[in-house]
Amino acid sequence: MRIYNTLSGGEEEFLPQSEVVRMYVCGITPYAECHLGHAMSYIVFDVVRRYLEFRGYKVKHVQNFTDIDDKIINRAQKLSIPPGEVAERFIAQYFADMDTLNIKRAHVYPRATEEIPKITEVIQGLIDKGYAYEAKGDVYFRVSSDPDYGKLSHQSLDSLQAGARIEIGIDKEHPLDFALWKATKPGEPWWESPWGRGRPGWHIECSAMSLRHLGDTVDIHGGGQDLIFPHHENEIAQSESFTEITPFVRYWMHNGLVQLEGEKMSKSLGVLVTIKKALERFSPDTIRLFVLSSHYRSPISFSEEGLKAAEKGMERLRQAGFADGQHAMAEETGTIDAGVFRQKFIDAMDADFNSAQALAVLFDLAREINRAVSQGVGVQEAQQLLRELGHVLGFTFEEREIRLVADPFIELLISIRADLRKEKQWQLADEIRFRLNELGVVLEDVPQGTTWKYERPDG
RNA sequence: GGCGGCGUAGCCAAGAGGCUAAGGCAAGAGUCUGCAAAGCUCUAAGCAGUGGUUCGAGUCCACUCGCCGCCUCCA
């Protein structure tokens, strides 16, 4: 397998430290509902994990919650509830969203507020080694003490400083020095520390949690490209300075960002901003197919049109995966060479998780299946493969879940229509089909009878 | 100013020096069907531009044009 490493700027052969791949994915700061950017990132790394497991690796997946932060405190003040409650609320929503999107849960979900001992240990270690200094109850990382600083974002200290609009804290030695520990302000949560009451800075929690739960070096550290600087850059600085072990991370993976739509677009698509809203319109599989249709490092732009296209495609895969070949002699050995498709899928995914190409393989396989079904050739094995590989990409193959009270009545109408068709009362039969269609129920007459499904009327 | 990315058919999107440039959606024709739908078969249409390297370039280099991200909280 080859993986693109942000640190080196190129693809590298993937060689984990052991058969257990240590994977850390940057989690959320729970102060608001998750949006499609989160959906993309976590779908991407869900597929990374699923594929690694498919390839025979064991994966230990750790994902943090940064549950103490300015944004949470602000939100708490607005809502007049404790910061901890804000965090709990959005963590719960996070899990609900991710479960719906069929994203596998990490093995450990450490929270910043529960890792204070490790955090203070790392900070103290950095001070002791001269990589950090205290200033009036704050503790800053001394950027100038790290000769490698800027290696992930491929920037020099000078160039970073040139474009920076960083507030120059009067207590900082260097404008790019960043806070490891922040002295408490009135009304904020605090913890005791050797430097007085305060709370952790933004980047230190990830270092501490990664070191504690995965050791000095992890294999894969993932997140959105927006985290490269300063967050991941600072994580490297802190962690490698503290442990004096390089590398902190063997493969840095960053997904492309979801583009904000232009104003004009965002109006019509405003409903798609949060995951919850998107799920009201589109199935988890559809959203996933849309995300995986392009390479994970490319930026993507959600659009109504794009999601509808993905929906159609997903339906095609689903039907092929479960197409009822009952009239064919199911026991017959299929002529489809499943091995070829499996290998093509592996080749695609081995090349830095080229999910777009992998999907093309699934669509090719789907066509093979449909063709074979109509020729009466057995397709069991091929269908099983399609489902297996689909599951590697995280598809559920479940139909859109709308179980309405209307279902029995629809069944009744279809049953009556079947009688009408027997009587060759085409006009009435068509009338039923047409009227149901207007209501968003699509009927399809197949040799075995009539199938039906919901479809959005404006589709 | 610094770092990075993008421009492939109507739309989305792989590919990356050399057989006929994947795949999806949309479109047209055919097939199937009582009629539809789905499926299948076929069809049209594409490498932003200009130079260069090369026996050979979407694929490498240079420049031009257009678009975007990050450098500040962000997955």
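Along each chain, numbering runs from 1 in the same order as the chain's sequence is written. Chains and ligands are labelled sequentially in the order written, the chains with letters from A and the ligands with numbers from 1. In keeping with the model being predicted, local features are shown solely for residues with a pLDDT of at least 70 and side-chain atom pairs are shown and tallied solely at 80 or more, while totals for entire chains, interfaces and linings include all residues. In computing side-chain values, all of the structure's heavy atoms are included and hydrogens and water are not.

Colleague: Help me understand the side chain of Asn-64, please; the structure alone is not making it clear to me.
Modeller: Along the chain, the position of Asn-64 falls in the loop between strand S4 (58-63) and helix H2 (70-79). Separated by 2.8 Å, the side chain of Asn-64 and the backbone nitrogen of Gly-27 make a polar contact. Only 3.1 Å separates the side chain of Asn-64 from the side chain of Thr-66, close enough to count as a polar contact. Residues are treated as being in contact if the distance between any of their heavy atoms lies within 4.5 Å. Apart from residues lying up to four places away in sequence, Asn-64 is in contact with Tyr-24, Val-25, Cys-26, Gly-27, Ile-28, Pro-110, Glu-205, Cys-206 and Met-209. In this text, helices come from DSSP runs of H or I with a minimum length of four residues, and strands from runs of E with a minimum of two, each type numbered from the N-terminal end. Here a polar contact is recorded for every N or O atom pair within 3.5 Å, except that within protein the pair must consist of a potential hydrogen donor and a potential acceptor, and residues adjacent in sequence are included only if both atoms are side-chain atoms.

Colleague: Explain the side chain of Asn-234 here, please?
Modeller: When you line up the elements, Asn-234 lands in helix H7 (residues 228-243). Leaving out residues up to four positions away in the same chain, Asn-234 has contacts with Tyr-149, Phe-178 and His-203.

Colleague: I keep staring at the packing of aromatic side chains and nothing clicks. Help me out?
Modeller: Aromatic rings in a pair are described by how distant their centres are and how their planes are angled relative to each other. In summary, the pairing rule links any two rings of Phe, Tyr or Trp, Trp by its six-membered ring, whose centres are within 6.5 Å, and it sorts them by plane angle into stacked for under 30 degrees, edge-to-face for over 60 and tilted for everything else. One pass over the full model with this rule turns up 20 aromatic pairs. Plain terms: the ring middles of Phe-14 and Tyr-57 are 5.7 Å apart, the flat faces sit at 80° to each other, and that makes the pair edge-to-face. Residue Phe-14 is found in the loop between strand S2 (10-13) and strand S3 (20-25), and its partner Tyr-57 is found in the loop between helix H1 (36-54) and S4; the two are separated by 43 residues along the sequence. Each member of the aromatic cluster is reached from another via a ring pair, and the members are Tyr-42, Phe-65, Tyr-94, Phe-95 and Tyr-109. Directly above the ring of Phe-242 sits Lys-129, whose terminal nitrogen or CZ lies 5.2 Å from the centroid. The criterion for a charge sitting over a ring is simple: Lys NZ or Arg CZ within 6 Å of the ring centre, and within 35 degrees of the ring normal. Seen from the ring of Trp-190, Arg-197 lies directly overhead, with NZ or CZ sitting 3.8 Å from the centre.

Colleague: So what exactly am I meant to see when it comes to the pattern of salt bridges here?
Modeller: Think of it this way: side chains of opposite charge can pair up when their charged atoms draw near. We count a salt bridge whenever a side-chain nitrogen from Lys or Arg sits within 4 Å of a carboxyl oxygen from Asp or Glu. As enumerated under the stated definition, the model contains 34 salt bridges in all. Of the charged contacts, one joins Glu-315 and Lys-453 as a salt bridge, the two residues approaching to 3.7 Å between their closest N and O atoms. On the criterion of sequence distance, the pair formed by Glu-315 in helix H11 (residues 304-322) and Lys-453 in strand S12 (residues 449-454) is long-range, its members being 138 residues apart. What makes Lys-453 buried here is its relative accessible area of 17%. Asp-445 is paired through a salt bridge with Arg-417; the nearest N and O atoms lie 2.9 Å apart. Residue Asp-445 is found in strand S11 (residues 441-446), and its partner Arg-417 is found in helix H15 (residues 407-422); the two are separated by 28 residues along the sequence. To sort residues, take the accessible area from a 1.4 Å probe on protein chains only and compare it with the maximum for the residue type: under 20% means buried, over 50% means exposed, and anything in between is partly exposed. By relative accessible area, which is 30% here, Asp-445 ends up partly exposed.

Colleague: How should I be thinking about the protein's contact with RNA strand B in this particular structure?
Modeller: The near set for a molecule or strand comprises every residue that places at least one heavy atom within 4 Å of it. Every one of the 53 residues lining RNA strand B counts as a neighbour, but Lys-71, Trp-202, Leu-227, Arg-371 and Arg-433 are closest to it. A share of 65% is what sugar and phosphate atoms reach among the atoms of RNA strand B within 4 Å of the protein. With respect to RNA strand B, the backbone of Ser-293 contributes an N or O atom lying 3.4 Å from a sugar or linking oxygen. Taken together, the elements giving at least two residues each to the surface near RNA strand B come down to H1, helix H5 (157-163), strand S9 (218-224), H11, helix H13 (355-374), H15, helix H16 (426-438) and S11.

Colleague: Honestly, the packing of helix H12 (residues 338-350) against helix H14 (residues 380-392) in this entry has me stumped. Any pointers?
Modeller: Between two packed helices, what matters for the description is the angle formed by their axes and the separation of those axes. Note on method: axes are straight lines fitted to C-alpha atoms, helices fitted across the in-contact stretch only, with angles between N-to-C directions ranging 0 to 180 degrees. Relative orientation of the contacting elements H12 and H14 amounts to 15°, with a least axis distance of 10 Å. By the angle between their directions, the pair H12 and H14 is classed as roughly parallel. Every pair of crossing elements has a handedness; the one defined by H12 and H14 is right-handed. Between H12, through Ala-338, Phe-341, Arg-342 and Phe-345, and H14, the contact on the second element is made entirely by Glu-381, Leu-385, Glu-388, Leu-389 and Val-392. Residue composition of the contact of H12 with H14, grouped by class: six nonpolar, no polar and three charged. An angle below 35 degrees is treated as roughly parallel, one above 145 as roughly antiparallel, one from 65 to 115 as roughly perpendicular, and anything else as oblique. Helix crossings fall into two classes, left-handed where the near helix is turned counterclockwise from the far one by less than a right angle and right-handed where it is turned clockwise. Under the convention adopted here, Pro, Cys and the residues Ala, Val, Leu, Ile, Met, Phe, Trp and Tyr are nonpolar, Asp, Glu, Lys and Arg are charged, and Gly plus all remaining residues are polar.

Colleague: Sorry, what's going on with the nonpolar core here?
Modeller: A general feature of soluble globular proteins is that nonpolar side chains tend to end up buried together. Formed by 76 residues in total, the largest nonpolar core has its most connected members in Leu-52, Tyr-94, Ile-220, Ile-287, Phe-345, Phe-353 and Leu-393. Residue ranges for the domains originate in an automatic or database domain assignment. Among the domains, domain 1 (15-259) and domain 2 (282-392) are the pair contributing at least three residues each to this core. Beyond its immediate chain neighbours, meaning those up to four positions away, Leu-52 contacts Met-1, Phe-14, Val-21, Met-23, Tyr-57, Val-59 and Ile-220. Definition used in this section: a nonpolar core is a set of buried Ala, Val, Leu, Ile, Met, Phe, Trp, Tyr and Cys residues joined via side-chain atoms within 4.5 Å. Ile-119, Phe-141, Met-209 and Ile-228 belong to the second largest nonpolar core, which has 39 residues in total.

Colleague: What am I meant to see in the pairing of strand S6 (residues 138-141) here?
Modeller: It is a general feature of regular strands that their side chains alternate between the two faces of the sheet. Side chains Asp-138 and Tyr-140 of S6 all project onto a buried face; the interleaved residues Val-139 and Phe-141 project onto the opposite face, where all are buried too. Here strand S5 (residues 132-135) runs beside S6; their pairing, made up of four bridges, is antiparallel. Following the sheet pairing, Glu-134 is matched in S6 by Val-139. Any two strands with at least two DSSP bridges between them are considered paired. Joining the antiparallel neighbours S5 and S6 is a turn of two residues, in which Lys-136 adopts a positive phi near 55°. For S6 and strand S7 (residues 178-183), the ladder comprises three bridges, and the chain directions are antiparallel. Bridging across to S7, Phe-141 finds its partner in Phe-178.

Colleague: So what exactly am I meant to see when it comes to the sheet that holds S6 here?
Modeller: Ordered in space as S5-S6-S7-S8, the four strands form an open sheet in which the pairing is antiparallel. Strand pairing shows two members of the sheet lacking a second neighbour, S5 and strand S8 (198-200), which therefore form its edges. On average, each strand axis in the sheet is inclined to that of its neighbour by 20°, with strand direction left out of account.

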